[in-house]
Each structure stands twice: as structure tokens, then as C-alpha cells.
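# Remarks on the overall topology
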Amino acid sequence: MDYKNKILKLKKEKNAIILAHYYQVPEIQDIADYIGDSLGLAQKAAESDVDYIVFAGVHFMAETAKMLNPGIPVLLPDLEAGCSLADSCPLDKFREFKEKYPDHLVISYINTSAAIKTETDIVCTSGNAVQIVESLPEEQKIIFAPDKNLGSYINNITGRNMVLWDGSCEVHDILSTEAIFKMREENPAAKLVAHPECNAPVLELADFIGSTTAMLKFTQSDSSQKFIVATESGILHQMRKNSPNKEFLIVPSDETCSCNDCPYMKLNTMEKLYSALLNEKPSISLDAEIIEQAVKPIQRMLDISKKLNLI
Ligand code: 13P
Ligand code: SF4
């Protein structure tokens, strides 16, 4: 089946937009109208004027798009495409945690459920987390959830002492310094780029830390010819496309595996994407009351990001 042409034809007929994250398989990235990090994707969703959004990413990303476009169907090719980080922060436990810090403001990474966003003051992504925290007065007490790695990275950079929820991403948190030392020994001139969801010892070794978009830009503009990449393997597709003469090596998650695939991101396939567009399902459904509450911290994030020229 020629899914590519069928998808492109249906997309036009139905006035749909395909938004894809960098961790999607290359074929999906290649047919997307827009590929980006969570911040870029949220911004694109906010300004979309279409009849359907097809979200090639994970559930929290599609939920964000739905909250910003409650009037149109947001299709997610596989509704099982969750996120271990979002799952590490269940609502009941988070509410109990929040009660211990009544005078704290809540900043949540966008990798959370809509329910957690209703308990949040400002959402952030890896593309604006440091700036969002710095936009608040120094004396402001903050709870940061759910990623402890991103949270402690921000605490280090800003000198703040945010209270951290103990969550992490199963793909990034297992990347090890041993693997990196070995790769560096074999590739001494290579620079290490890392996503801030990696653990602190990995981040300490990095030459550059940033969101998927920021890492991509860095590898394009930096003069190095070789990069060791500490994140999910999907990003390599755009890195190689944008810098065809440079070499990219992914940090293996263990000795026996040379690729780091997010099992949730990789649930989406061309076949499922085609079926979603054809049948106009599965789509994200959210309670209107949840949307009303959860969209507020997302909108705050977009407003601050615009003011700071981050989008
Ligand atoms: P980015 O916003 O940097 O693309 O990260 C999203 C994500 O889920 C990383 O694991
Ligand atoms: Fe979630 Fe990690 Fe997958 Fe990103 S890579 S979507 S944080 S499980």
C-alpha cells in the first residue's frame, strides 16, 4: 500500500494538518506539515486553522493540541501512545504531594496528563523551562513536576531550590556515563549533545543540553563534524538530513542495543496514520471542564514564551 500518497491526498481532501514530533519514524516525519519539539508543536497547534489535526506524537501532546483547539477533532494514530514520564505523576499522589507545600506555585513539564495540568500554574517544555522559572521572582517557592532530571538541571542553572517530583523518562533516564565514556574514547573529537531528561551524571558530560529542536540547531551551527547524541533515536533523521556531511552516533541504552526508541512514540505507523485520517478516529476526547482548567497554564506558557521571543 502506498501510504504516503494516500495520506497526502486524504489530508488535502479533509483539510487536515499533520503535526509530528522528532521521535516519530522517518516516513512519518517526511510527510508531516510541521515537525518540532513540544513547544513548537504546541505553538503550531495553537495557530492551526484546519478541520482536523493529526498528531503524530504521544497522548499528552495530542491532548495539548485538543485543549488549544477544542472545536476540532485531534486524531492520534494510536491512543496507547502514552509517556512513562507523564505516567510517573498520578493525580491522587500529586495532590497529596502538593498539599505539603501550600505556598508553592506549580510548574509542570508539558509531559503530564490533562488532569495534572488542572493542578498546575504554568506549563513548561524543555525548550523554555529555564526561562519560565527565571521569569518568576527569586523568592517564589516552586514545585516542579514530574521530571526530577529536568528539575535538578534547572535548579543548578538558576540557583533556585524548587521542590521536585520524583519522576523520570524510561528512555532518557537509563542512558549511562559508561556508554558515553566508551564512545568518547573511540571518537575523541565528537561533541556530546543531551536532552535534559537524561540523568545528572550524563548531563555533566554534555557539551550542549537542550530540547530536541535546540539540539538539532546546535548540531547544524556548531563546527564539529561528529556528535554523540543522548536522546531518542528518531532525532537522528533530521540531524542527518540537515547536516548530511556530519556524523551522528546515538548513545546506546545498553551494550546490546544501539538504538534508543521510545516505545510509545514508535507505536504510530504510516498505516495507523492513514487509518486515523480515513476513519477520523481515534480522536482525543476531553471533558469541557478539564479543558477549561488545563488550558490556562498552557496559555500562560505560550504568553510568556511569546513575550520572551522564544516562539
Ligand atoms: P522535546 O520537547 O524536547 O521535543 O521533548 C519531548 C519529549 O518527550 C522528550 O522525551
Ligand atoms: Fe515520554 Fe520519554 Fe517517550 Fe519522551 S521519550 S515521550 S518523555 S517516554
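Report follows, based on the coordinates. (Residues numbered from 1 in each chain as written. Chains lettered and ligands numbered in written order. Predicted model: local features only at pLDDT ≥ 70, side-chain atom pairs only at ≥ 80, totals over all residues. Heavy atoms only, no water.)

## Description of the site of ligand 2
In the vicinity of ligand 2, the residues found are Tyr23, Val58, Cys83, Ser84, Asn111, Cys169, Val171, His172, Glu197, Cys262, Tyr264 and Met265. Residue composition of the shell around ligand 2, grouped by class: eight nonpolar, three polar and one charged. (Near = heavy atom within 4 Å. Nonpolar A, V, L, I, M, F, W, Y, C, P; charged D, E, K, R; others polar.)

## What to know about the packing of helix 1 (residues 3-13) against helix 14 (residues 270-279)
It is the contact of helix 1 with helix 14, at a shortest axis distance of 10 Å, that shows an interaxial angle of 25°. As summarised for this structure, helix 1 and helix 14 are arranged roughly parallel, according to the angle between their axes. Note that helix 1 runs across helix 14; the crossing there is left-handed. Residues Tyr3, Lys4, Lys6, Ile7, Leu10 and Lys11 of helix 1 form the contact with helix 14, whose participating residues are Met270, Glu271, Leu273, Tyr274, Leu277 and Leu278. Per-class residue counts for the contact of helix 1 with helix 14 are eight nonpolar, no polar and four charged. (Axes fitted to C-alpha atoms, helices over the stretch in contact; angles between N-to-C directions. Helix = DSSP H or I, 4+ residues; strand = E, 2+ residues; numbered from the N terminus. Parallel < 35°, antiparallel > 145°, perpendicular 65-115°, else oblique. Left-handed = near helix turned anticlockwise from the far one by under 90°. Contact = heavy atoms within 4.5 Å.)

## Things to note about the site of ligand 1
Ligand 1 sits among His21, Tyr23, Asp37, Ser38, Tyr109, Asn111, Ser126, His172, His195, Glu197, Ser211 and Thr212. Contacts to ligand 1 include His195, whose side-chain N or O atom sits 2.8 Å from an oxygen atom. The contact in question runs from an oxygen atom of ligand 1 to an N or O atom on the side chain of Thr212, over 2.6 Å. Class assignment for the residues of the shell around ligand 1 results in two nonpolar, eight polar and two charged. (Polar contact = N/O pair within 3.5 Å; in protein donor to acceptor, adjacent residues only side chain to side chain.)

## Considering the packing of helix 4 (residues 59-68) against helix 15 (residues 288-307)
Two numbers describe how helix 4 lies on helix 15: the axes approach to 9 Å, and their chain directions differ by 95°. With respect to helix 15, the element helix 4 is oriented roughly perpendicular. Where helix 4 approaches helix 15, its residues Thr64, Met67 and Leu68 are matched on the opposing element by Ile291, Ala294, Val295, Ile298, Gln299 and Leu302. Broken down by class, the residue content of the contact of helix 4 with helix 15 amounts to seven nonpolar, two polar and no charged.

## Structural notes on the pairing of strand 5 (residues 105-109)
When a strand is regular, its side chains alternate between the sheet's two faces. Counting buried residues along strand 5, five of its five residues qualify, which places the element largely inside the surrounding structure. Of the two faces of strand 5, both are covered, the one formed by Leu105, Ile107 and Tyr109 as well as the one formed by Val106 and Ser108. Where strand 5 meets strand 7 (residues 142-145), four bridges bridge the pair, whose relative direction is parallel. In the strand pairing of strand 7, Ser108 is matched with Ala145. Inspection of the sheet shows strand 5 paired to strand 6 (residues 122-124) by three bridges, in the parallel sense. (Buried < 20%, exposed > 50% of the residue type's maximum accessible area, 1.4 Å probe, protein only. Pairing = 2+ DSSP bridges.)

## Describing the sheet that holds strand 10 (residues 208-209)
Strand-to-strand pairing in sheets goes through backbone hydrogen bonds, with the strands running parallel or antiparallel. With parallel pairing, the four strands of this open sheet are ordered in space as 10-9-11-12. This sheet does not close on itself; its edge strands, each paired only once, are strand 10 and strand 12 (247-250). Strand direction decides the pairing type here: strand 9 (residues 191-194) and strand 11 (residues 226-230), joined by four bridges, are parallel. Across the sheet, Leu192 pairs through a bridge with Ile228, a residue of strand 11.

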